[in-house]
Every structure is written in structure tokens, then in C-alpha cells.
There are 4 protein chains.
Amino acid sequence: MPANSGSSGMLEDNAHVFPVRVYYEDTDAGGIVYYANYLKFAERARTELLRLSGINQSVLISEQGVAFAVRQCSADFLKPARLDDALEVHTRVLQIRGASVEMAQSIKRDGVDMVKVGVKLACMSGFDRPSRIPAPVRAVLLNFVNRKMASLDGT
Amino acid sequence: MPANSGSSGMLEDNAHVFPVRVYYEDTDAGGIVYYANYLKFAERARTELLRLSGINQSVLISEQGVAFAVRQCSADFLKPARLDDALEVHTRVLQIRGASVEMAQSIKRDGVDMVKVGVKLACMSGFDRPSRIPAPVRAVLLNFVNRKMASLDGT
Amino acid sequence: MPANSGSSGMLEDNAHVFPVRVYYEDTDAGGIVYYANYLKFAERARTELLRLSGINQSVLISEQGVAFAVRQCSADFLKPARLDDALEVHTRVLQIRGASVEMAQSIKRDGVDMVKVGVKLACMSGFDRPSRIPAPVRAVLLNFVNRKMASLDGT
Amino acid sequence: MPANSGSSGMLEDNAHVFPVRVYYEDTDAGGIVYYANYLKFAERARTELLRLSGINQSVLISEQGVAFAVRQCSADFLKPARLDDALEVHTRVLQIRGASVEMAQSIKRDGVDMVKVGVKLACMSGFDRPSRIPAPVRAVLLNFVNRKMASLDGT
């Protein structure tokens, strides 16, 4: 059962799949998940995508002095998730450049897209200067590239 | 001083301006505001834009059974905000349709854009069916329309 | 490995043990987990303690009209957790009364207590009237009682 | 009107009074404020108590290398707050020691206690060693001491 597949998710058909459970903390008085909280789910999944391949962001910072910062994101809220829902975040890498990477993420329930998220991340040194993505990270990201998918901005 | 202008913000040059202070809860281990939290600031400002004109969302729900749901949002993270920063959220209405509205928001520090947010909101009845925007709400939103600005999708 | 034991945790020596990973969203500009966020971890664990035995809180609400509300909580922050830490929440039931239950929770890293949490929960009907704890829930809670431990208030 | 008294709150009868508005982000699917979020309100108020007297925590860190960490907290949840509520956090200092301070906070709506919070804060140097509270901070805290109130632990 994917929801029990472990804390770092798994690689499935070129996508990283990460289970997320909806708790009270994630919901709001409308009875549904608060819109900004889906971006937390998406960030957890991106973190686990790296961790699944042995890359730990806090080690990246302490040993190489680099971190990823979100430069741009977009979200389409298609259907609302609710308390106790077992969601999955599917993450694919769209494009890798020297110091940035684009990903497409879909937050699904029972295989149905609930929220689609696009992000552009910049690799930063000291939190303020762009920096080349370290080679081992680049190698991991390449596993999640789906060459059939277009870039976020159509290129 | 804008940061002390009161909890519902103010109307300034066709934009709603709402002060937000950055607390520890908003920041992350990178020393900056966590990316999803800017969307909380943006939602607070949209709520206060309505409240400034006497429209209270919980009354909208209890009396008219309607609420706004975010359908789409995008964010450009230009500069990072930090602990104790005094920010301002500037909100303009781009386009009002029968059951939806588009807004452009800029989160600024000392007049400089830090994060730009675009949102499309749908007016919903019972949290699941599209509903016409009530006339008094529409009247308020019209005060924040800047006719010189283009729609989010260029129309 | 406990951190991968699945999303509902496990029963271990009369305690419910639930793994929690620390993400950026949980940390603050001090580089450590923000104090209120440990209470989110504790609530996730309490939810999974019930789910592990097949009790789903959203079903409790929809079918029986009851929910648990936190009446009191206390927390001792012994050591700070950091980004990427793999934590475990250990939960024991201290005392079960007709319409309330007391639990003791410890958030650990590598077996060391980081934060100790005590909570008193009230079973509520319609979110506002005390209600007897349903028998199946009571039966589950009894599995986590450690009769050697004292109640939170020493009784 | 207290809710509009400005972002740093005010001194009223030996207590610091700080207005907080409840937004969607603060609520959960139970229709009420999520229990951990009251601790965010309490922390905002403690921050503004210092700021009202010109003490900025990020300056404390950068210039003196000290910060306050929560060592202990307790909360009694008396009545639930809801979306759009205008709350006030009333903060008093109970006891000041060399490197720590105890405060009692009450989160009120229309003068009625909703949640009562007690906290013990430690002054830390470099986030890990206890440090004497700087004299200017101690002087500010003394303004909020109510000598008629007992310490949290009855001393």
C-alpha cells in the first residue's frame, strides 16, 4: 500500500511518489486543506526525493554551503482534500539548468489529481548567491526527468 | 506609519495596503520566511480588503452560504523577508467575473517588491458549487480594480 | 527501522510509537523546530494511535458526532530538534474517565527525550457538549495505558 | 478600539495587550482555532511586548548574540475561538531570574478568557548556553511585572 511505503517515498515510473496524510493542522474552518498547506506537502516530497537517493539537505548546507530556494511556484487547486485523506505527491523533474531546476508535482487522492504544483528552484550559496547544482544532486535529479514532458514555460 | 494603520489595512491609490509583521513562526531554518507562509500573508490581506468595507467572511458563510475558494495561484519570490521585517501586502483586483475574481498582490518591504502573488478565486456555495458573487461584495471589489492593469492571463 | 514503519506507527511496550521527520516548514530562524510545532507532531501521533486500531476521527465525527478537543496541555522543551531530524513520538494513556482522557507523550531523537508533552482531551458532541467516549474508542485507548505511570495531576 | 491600537500592542494596567485577528490559516476542520496556533499568538505578543519598548529580537541576536527559548509552557483551553474573531493577548511577567523569565498570558475575546498560557523562557547565548538577560531587556520586563500575581510554580 503506497501510504505505508516509508518516509522517503519511492520511485515509480520516473516519478517520485510520497505519501502524505491530512491532519487537523492542515485543514481550515472550510473543512478542507488550507491552500498554502499543499505547498508544505510539495516541499516535503521534494526533500524526500533527494533523501531517497541519500542526499540530505542539512548536510548539503553544512558540507557544501548550498541550499535550494523556491524562485517561482504555481498551483491549480482542482479538488479539495479533507481531514484523514491519504494523499500522494507525485514529483517529476521538468528541466535542469546550471543553477536551477523545474519540477512538476501533482497531489493525488486515489489516483485523482487534487492539486497541481509547478516550482522553479534556484541553487544558492550562502542563501544569497546562485550556485551550480552539485554533481551528485544533479545525478539524482536526472532520475526523475520525464523527457516527454514540456517545461513549465513551454520551452 | 503604515505598519500601525490598524488591523484592516487601508485603501491607497486603488490598492488595499495591509501591514504584516514577520514572526519566528513565519521563518524557517534558512533564516528567511518559509515560502508557503507568504500565501498566508496574502490571504490575510484579501480578508481584510473585504473587512475594511464591512464584509466579514464568516457572516458571508452563515448568512448567504457563500465563500471564496482559491482556484489558482502563482508566486514569484524576488527577495527573502526575514524575522522582524515590517511588510506590506498591496492588493489590487484585476478582473471580476460572475462567479470569480482575479487579484494581483505584492508583498513589499520599504516599498520594494519581495514576493508577487496572483490568485484566482471562485465564489462557492456550500463549498462545492460555483455561485454568483453577492452584489455587495462585487461593489467592494470594484473599488480595488485598477483598469490600467492587465488580467493575469493577458486578456 | 522505526522511521519507516508506516504511516500509523506501531505499538511498542504499551506505547504508541510514531515517526516524524523534521522539514523546513517545522523550523524557525533559530535553526530549530518552532515550539508550537511539536504540538502538531503530538496531535498527529494521537490521531495515528486511534487509526492504528481502525478508528478514523473523521468517521467518528460523521457517524457518531463526537470529536476530541484538547482541554489542557503542557510541554517541556528539553533539547531542540533540527532540520532533517528523524523523531519519534511515544504516546501512553495515563487515565481514562467517562468523557475525557489524559495522555503523556515524549518526542524523542535516537531514544533521547527532546520534548515531553502532557494533554487532557475531552470527548465532545457537536464540538460543544461533553460526551461519553464511545466504547470502541475506549477499548483502543486501554491498550496504551501504562498502569505504572501516575496521572498528570498526581492522582 | 483595542483591535486597532497598532502592531506592537499597548501597556494597560501592568499588562501588555496585543490584538490578534483569527484567519482561515488559524482554524481547523472543527471550525475553531487549532490548539497549537494559540501558542503562535502568544509568541507574537511576547515579541511585541519587547518591541513596544524598542527591543527587537533580531537585533538582540545580531548585536548581543542572545535569544529567548521557550523551556516550558502550559495551556488551558477554556473556550474555542473562531474565524474572524478579534482576540487580545494579555501578557504579564510573573518572575524574572538571572537567565530566565516566567510569563502568564491570557487570550481573550470581548474580555472573556479563551485560553490561558504560562511560559518559562530561558535567555540563551548562541542558542545553546544559558546567558544573563541583558539589562535593557530586564528593565523592560520589569514594567510588566504584577507583584500581586503568584509565580507559575507557586513560589
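Here the structure is a predicted model, which is why all the values come from computation and not from measurement.

This part is about the relation of the copies chain A and chain C. Each copy superposes on the other: chain A lies on chain C with an RMSD of 0.0 Å after a rotation of 180 degrees and an axial shift of 0.0 Å. Such a combination of rotation and displacement between the chain copies is what one expects of a two-fold axis. Taken as a fraction of all interface residues of chain A, those also at the interface in chain C reach 100%, which identifies the copy contact as same-surface.

A common measure of how large an interface is: the accessible area buried when the components associate. Contact residues are listed per partner, giving 17 residues for chain A and 16 residues for chain B. Elements with a minimum of two residues in the side of chain A that touches chain B: α1 (37–52) and β3 (66–77) of chain A. For the side of chain A that touches chain B, the element with the highest residue contribution is β3 of chain A, accounting for nine residues. The residue makeup of the side of chain A that touches chain B, split by class, is 10 nonpolar, four polar and three charged. Alignment of β3 of chain A against strand β3 (residues 66–77) of chain B, held across five bridges, turns out to be antiparallel. By the bridge assignment, Ala75 of chain A is partnered in β3 of chain B with Cys73 of chain B.

Here we take up the environment of Leu83 of chain D. Relative to the helices and strands, Leu83 of chain D is located in the loop between β3 (66–77) and β4 (86–96). Remark: the alpha-carbon pair of Leu83 of chain D and Ala15 of chain D, spanning 68 residues in sequence, is separated by 26 Å. Excluding residues that lie within four positions of it along the chain, Leu83 of chain D makes contacts with Ala29 of chain A, Gln57 and Ser58 of chain B together with Val22, Tyr24 and Thr27 of chain D.

Residues and elements named next belong to chain D. Where β4 lies against strand β5 (residues 100–109), nine bridges are found, and the strand directions are antiparallel. Following the sheet pairing, His90 is matched in β5 by Ser106. Joining the antiparallel neighbours β4 and β5 is a turn of three residues. Turn length for the β5-strand β6 (residues 112–125) hairpin, with the two strands adjacent in sequence and antiparallel, is two residues, and the turn residue Asp110 shows positive phi of about 50 degrees.

With that settled, the discussion passes to the relation of the copies chain A and chain B. When chain A is fitted to chain B, the best match, at an RMSD of 0.0 Å, comes from turning it 180 degrees and sliding it 0.0 Å along the axis. Interface overlap between copies: 94% of the residues of chain A at the interface are likewise at the interface in chain B, consistent with a symmetric, same-surface contact.

With that settled, the discussion passes to the interface of chain A and chain C. Taken together, the contact pairs 18 residues of chain A with 18 residues of chain C. When residues of the side of chain A that touches chain C are traced back to their parent elements, those giving at least two are β2 (15–21), α1 and α2 (57–64) of chain A. Examining the composition of the side of chain A that touches chain C, we find that four residues originate from one element, α1 of chain A, more than from any other. Here the side of chain A that touches chain C is built from residues that sort into five nonpolar, seven polar and six charged.

The phi dihedral of Asp84 of chain A is positive, around 75 degrees, even though this residue is not glycine. Within the secondary structure, Asp84 of chain A sits in the loop between β3 and β4 (86–96). Its 19 C-beta neighbours within 10 Å are what place Asp84 of chain A among the partly exposed residues. Although it is not a glycine, Asn14 of chain B adopts a positive phi angle of roughly 70 degrees. With respect to the secondary-structure elements, Asn14 of chain B resides in the loop between β1 (10–12) and β2 (15–21). By C-beta crowding, Asn14 of chain B is classed as partly exposed, having 15 other C-beta atoms within 10 Å.

In this fold, Glu12 of chain A is placed in strand β1 (residues 10–12). Between the C-alpha atom of Glu12 of chain A and that of Thr91 of chain A, which follows or precedes it by 79 residues, the distance is 9.9 Å.

Looking now at the confidence of the model for chain A. Residues and elements named next belong to chain A. The predicted model of chain A averages 90 in pLDDT, with 90% of residues at 70 or higher. Of all helices and strands in chain A, the one with the weakest mean pLDDT is β1 (90), whereas strand β5 (residues 100–109) scores best (98). Here residues 1–5 scores under 50 on pLDDT; set against residues more than four positions off or in separate chains, the count is 10 contacts. Within the model, pLDDT remains below 50 along residues 150–155, and this stretch shows seven contacts once partners closer than five positions in the same chain are excluded.

Our focus in this paragraph is the pairing of β6 of chain D. Residues and elements named next belong to chain D. Summarising the sheet, β3 and β6 pair through 11 bridges and their orientation is antiparallel. Note that in β6 the partner of Ala69 across the bridge is Ala122. Relative to strand β7 (residues 129–130), β6 runs antiparallel, the two sharing two bridges. Bridging across to β7, Ser125 finds its partner in Arg129.

How each quantity is defined
Residues numbered from 1 in each chain as written. Chains lettered and ligands numbered in written order. Predicted model: local features only at pLDDT ≥ 70, side-chain atom pairs only at ≥ 80, totals over all residues. Least-squares fit on C-alpha atoms with pLDDT ≥ 70 in both. Contact = placed C-beta atoms within 7 Å. Helix = DSSP H or I, 4+ residues; strand = E, 2+ residues; numbered from the N terminus. Nonpolar A, V, L, I, M, F, W, Y, C, P; charged D, E, K, R; others polar. Pairing = 2+ DSSP bridges. Buried ≥ 20, exposed ≤ 12 C-beta atoms within 10 Å, placed from the backbone. pLDDT = per-residue confidence, 0-100.

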